[in-house]
Amino acid sequence: SDVYKRQVSTQSTWEAVVSTQSTWGYLSCLGQIVYSMSAFTFKEALRVFARAGRLQGTFGEPFYTNFNVVDQHPLLTRSGHRLLTLPVLPSFCNVNGVMHGGALASVLDCATTIAILEVDKKRRKTVSLEFNLSFPAAAKQGSNILILTEVLRVGRTSAFSQAEIFDEDGKTLCATGRHLKAFLQDPFELKEASNTLNK
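Cut-offs used in this document
Residues numbered from 1 in each chain as written. Predicted model: local features only at pLDDT ≥ 70, side-chain atom pairs only at ≥ 80, totals over all residues. Heavy atoms only, no water. Phe/Tyr/Trp six-rings, centres within 6.5 Å; stacked < 30°, edge-to-face > 60°. Lys NZ or Arg CZ within 6 Å of the ring centre and 35° of its normal. Buried < 20%, exposed > 50% of the residue type's maximum accessible area, 1.4 Å probe, protein only. Helix = DSSP H or I, 4+ residues; strand = E, 2+ residues; numbered from the N terminus. Pairing = 2+ DSSP bridges. Polar contact = N/O pair within 3.5 Å; in protein donor to acceptor, adjacent residues only side chain to side chain. Contact = heavy atoms within 4.5 Å. Axes fitted to C-alpha atoms, helices over the stretch in contact; angles between N-to-C directions. Core = buried A, V, L, I, M, F, W, Y, C linked by side-chain atoms within 4.5 Å.

Some words on the packing of aromatic side chains
Link 1 in the chain: On inspection of all chains with the given rule, the structure shows four aromatic pairs.
Link 2 in the chain: Among the aromatic residues, those joined into a ring-pair cluster are Phe-49, Tyr-64 and Phe-67.
Link 3 in the chain: Arg-124 extends its terminal NZ or CZ atom over the ring of Phe-183, reaching a point 3.8 Å from the ring centre.

This is the structure in C-alpha cells:
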C-alpha cells in the first residue's frame, strides 16, 4: 500500500542518516556547506514565522513569538550553529513546576523548523517525518532556556537537523533531539514573507 511504501521510504532515509557514528561527522561537515547557501538569515526566518498571520491562534504561536536569537555565546562553536532563548512560562510547565516534556518537544520542533527554513533556497513548507528525543534534566519555570540548533543535511525531498536545549547557565542539558522533516511542494507564503521582512 501507499502507506507501507511511505513507511519503508522514511525508515530507509532515517537509517541512511543515522546508521553510524562516522555519518555524524560527515553530516557535520555538510552542515557547514548548507549554511553557505542560506535563503535568508536565521533572524529573518524567525521573523517571517513569528509574524505570519496563519500562526495566530495555533499551538506553536507561544513558542515562535517568544523566541529570541542569540548571536554570540560560548555554545556557538560551529558556523552552522544557531541559538535561541525562550522564557519558561507557567503555561509550558507541568504540576511539578518544570517544563512539560511535550512543551520541550514542541520547542525542538519549532526551532529546527526555523533552522531548516533558513537554509532551504526554495523556502518550502515542511512536515515532520521522524522525531527522536531524550530529557536528561528538567527546565525550571521562570528560567530562560537556550536552544542550540543545526541543520545537518538538506536533500531534494527532506532535511535532517538536531537541537539541544540547555538551562540558562548553558551547561545543564535539558533535552536533545533529532528531527527529520519532509519538504512540501508549496512554498512558504513569499508575498507575506516579503511584507513581514520589510516591517
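A look at the pairing of strand 2 (residues 82–87)
Working note: regular strand, side chains alternate between the two faces of the sheet.
Link 1 in the chain: Most of strand 2 sits inside the fold, with five of its six residues counted as buried.
Link 2 in the chain: Of the strand pairs in this sheet, strand 1 (residues 68–70) and strand 2 are connected by three bridges, and their pairing is antiparallel. Note on strand 2: the bridge partner recorded for Asn-68 is Thr-85.
Link 3 in the chain: Pairing between strand 2 and strand 4 (residues 144–154): six bridges, direction antiparallel. Note on strand 4: the bridge partner recorded for Pro-87 is Asn-144.

Digging into the side chain of His-81
Link 1 in the chain: Relative to the helices and strands, His-81 resides in the loop between strand 1 and strand 2.
Link 2 in the chain: Owing to a relative accessible area of 9%, His-81 belongs among the buried residues under this scheme.
Link 3 in the chain: A polar atom in the side chain of His-81 sits 3.2 Å from the backbone nitrogen of Thr-77.
Link 4 in the chain: Setting aside chain neighbours within four positions, we find His-81 in contact with Leu-75, Leu-76, Leu-148, Thr-149 and Glu-150.

Notes on the environment of Val-98
Link 1 in the chain: Turning to its location among the elements, Val-98 is positioned in the loop between strand 2 and helix 5 (101–119).
Link 2 in the chain: Judged by its relative accessible area of 19%, Val-98 is buried.
Link 3 in the chain: Distance from Val-98 to Gln-141, taken between C-alpha atoms, is 5.3 Å for residues 43 residues apart in sequence.
Link 4 in the chain: Setting aside residues no more than four positions away along its own chain, Val-98 makes contact with Cys-93, Ala-138, Ala-139, Lys-140 and Gln-141.

A few points about the sheet that holds strand 4
Link 1 in the chain: The strand order across the open sheet formed by six strands is 1-2-4-5-6-3, and the pairing between neighbours is antiparallel. Only two strands of the sheet have a single partner each, and these edge strands are strand 1 and strand 3 (124–134). Sheet twist, expressed as the mean angle between neighbouring strand axes with direction ignored, is 30 degrees.
Link 2 in the chain: With nine bridges joining them, strand 3 and strand 6 (residues 173–187) adopt antiparallel strand pairing. Across the sheet, the residue bridging to Phe-131 is His-179, located in strand 6.
Link 3 in the chain: On the sheet, helix 3 (residues 42–50) packs against strand 1, strand 2 and strand 4 and is oriented at approximately 40 degrees with respect to strand 2.

Section: the nonpolar core
Link 1 in the chain: Grouped together as the largest cluster of nonpolar side chains are 39 residues, with contacts concentrated most on Phe-67, Leu-86, Met-99, Val-107, Ile-145, Ile-147 and Ile-165.
Link 2 in the chain: At the level of secondary structure, the elements contributing two or more residues to this core comprise helix 3, helix 4 (61–66), strand 2, helix 5, strand 4, strand 5 (158–166) and strand 6.
Link 3 in the chain: The element that contributes the greatest number of residues to this core is helix 5, accounting for eleven residues.
Link 4 in the chain: Formed by six residues, the second largest nonpolar core is a distinct cluster that contains Leu-75, Leu-83, Leu-148 and Phe-166.

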